[in-house]
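Topology and contacts: notes
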Amino acid sequence: MFGMKTPLPMSKSLRVLSALLSYPDARLRQHLPEMRDLLHAERALTPSRLAELDGLINNAGGMVARVTYENMTEDYFDAVIDLNGRSVISTTTAAIPHLKKQGGFIINTTSVAARTGGTAGSGVYGSSKAFVGAVTKGMALEFGKYAVRVNAVAPGFVETPILGTIPDKVLEHMREQVPLHRLGKPEEIANVYAFLASDEASYINGAVIEVSGWMTVCPWPAMTAPAAPGWPRPCAASRPMPAA
């Protein structure tokens, strides 16, 4: 969330946003209870913390765990929806009375999983992120009259500390799902947040900007057609995601 009255220099903005995007899970979880319902959000976002608020970035999220639809439980479903969906509603509802006074921006975080349906065990995560995309467009319609722009960023695979526990063979498979054949860097995602928060994006509203190297052209399983001479090779693997 931005609470700055004086705009940050672009380089500093990127550092702030990059830190948010790579926030370690253990540290993030300390704040999740504040974001899961409106009461806690209102307590966390006190008037003194919201003074001269310029904008809100809803970036809390995660899979919680990998659970297939076949093995779904109500507790797991609620945990994923609370973290990825309810938190957006709660923090926005707490912040909008302050933002509407002078205008501003809201940037939500969705995911390419909203378009692909996720991978095995992350289907509910993908569904919750699709919800965030729809909420973004609804908020853009509703809050435009207050000069509050609402957009979303949909990252793909990004090199963050969270990937540190993933085996190399799985990381390689992930790279093969991207036509650029590499994972994204945090600053490449942060660039988009910084742009959407800036005056340069003053007429962008209701947009969901995907920053994934276009990994959605490589479904699960990925395309297997051979590359024509002189063309980049397509996404390689038709095999399932390797076991960790």
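Above this text is the structure in question.
Description of the structure in this document. All of these numbers come straight from a predicted model, not from anything done at the bench.

**Some details on the sheet that holds strand β2 (residues 104-109)**
Strand order in this open sheet of 4 strands is β1-β2-β3-β4, and the pairing throughout is parallel. Strand pairing shows two members of the sheet lacking a second neighbour, β1 (55-58) and β4 (208-211), which therefore form its edges. Ignoring strand direction, the axes of neighbouring strands in this sheet form an average angle of 15°. Two strands pair when backbone bridges link them, and β2 and strand β3 (residues 148-155) are joined in this way by 6 bridges, in the parallel orientation.

**A short note on the pattern of salt bridges**
Summed over the entire model, instances satisfying the criterion amount to 4 salt bridges. Between Glu172 and Arg175 there is a salt bridge, with its nearest N and O atoms 3.4 Å apart. On the criterion of helical spacing, the pair formed by Glu172 and Arg175 is a turn pair, its members being 3 residues apart in helix α9 (residues 168-176). Given a relative accessible area of 25%, Arg175 falls into the partly exposed group. Note that Arg182 and Glu188 form a salt bridge whose closest N and O atoms lie 2.8 Å from each other.

**A word on the nonpolar core**
Ile96, Leu99, Ile106, Met139, Phe143, Val148 and Val150 are the most contacted members of the largest nonpolar core, which has 14 residues in total. Elements supplying a minimum of two residues to this core: α6 (74-99), α8 (123-143) and β3. No other element matches the 5 residues that α8 contributes to this core. Beyond its immediate chain neighbours, meaning those up to four positions away, Phe143 contacts Thr92, Ile96, Ile106, Val148 and Val150. By size, the runner-up hydrophobic cluster in this structure holds 12 residues, among which are Ile57, Ile107, Val153 and Val158.

**Let's talk about the pairing of β1**
Burial along β1 is two-sided: the face carrying Gly55 and Ile57 and the face carrying Leu56 and Asn58 are both buried. In this structure, β1 lies alongside β2, joined through 4 bridges in parallel fashion. In the sheet register, Leu56 faces β2, and the bridge partner there is Ile106. What joins β1 to β2 is α6, and the crossover it makes is right-handed.

**Here we look at α6**
Taking 1.5 Å per residue as the helical rise, α6 with its 26 residues ought to reach 38 Å, and the 35 Å between its terminal C-alpha atoms agrees with that figure. At Asp82, α6 shows its strongest bend, of approximately 45°.

**What about the packing of α6 against α8?**
At their nearest, the axes of α6 and α8 sit 9 Å apart, and the two run at 15° to each other. For the element pair α6 / α8, the angle class is roughly parallel. Where α6 crosses over α8, the handedness of that crossing is right-handed. Together, Tyr76, Phe77, Val80, Ile81, Asn84, Gly85, Val88, Ile89, Thr92 and Ile96 of α6 and Val124, Tyr125, Ser128, Lys129, Phe131, Val132, Val135, Met139 and Phe143 of α8 make up the contact between the two elements. Its residues placed into classes, the contact of α6 with α8 shows 14 nonpolar, 4 polar and 1 charged.

Quick notes on the rules
Residues numbered from 1 in each chain as written. Predicted model: local features only at pLDDT ≥ 70, side-chain atom pairs only at ≥ 80, totals over all residues. Heavy atoms only, no water. Pairing = 2+ DSSP bridges. Helix = DSSP H or I, 4+ residues; strand = E, 2+ residues; numbered from the N terminus. Axes fitted to C-alpha atoms, helices over the stretch in contact; angles between N-to-C directions. Salt bridge = Lys/Arg side-chain N within 4 Å of Asp/Glu carboxyl O. Buried < 20%, exposed > 50% of the residue type's maximum accessible area, 1.4 Å probe, protein only. Core = buried A, V, L, I, M, F, W, Y, C linked by side-chain atoms within 4.5 Å. Contact = heavy atoms within 4.5 Å. Right-handed = clockwise from strand over helix to strand, strands pointing away. Expected span 1.5 Å × (residues − 1). Bend = angle between axes of the 7 residues up to and from the residue. Parallel < 35°, antiparallel > 145°, perpendicular 65-115°, else oblique. Left-handed = near helix turned anticlockwise from the far one by under 90°. Nonpolar A, V, L, I, M, F, W, Y, C, P; charged D, E, K, R; others polar.

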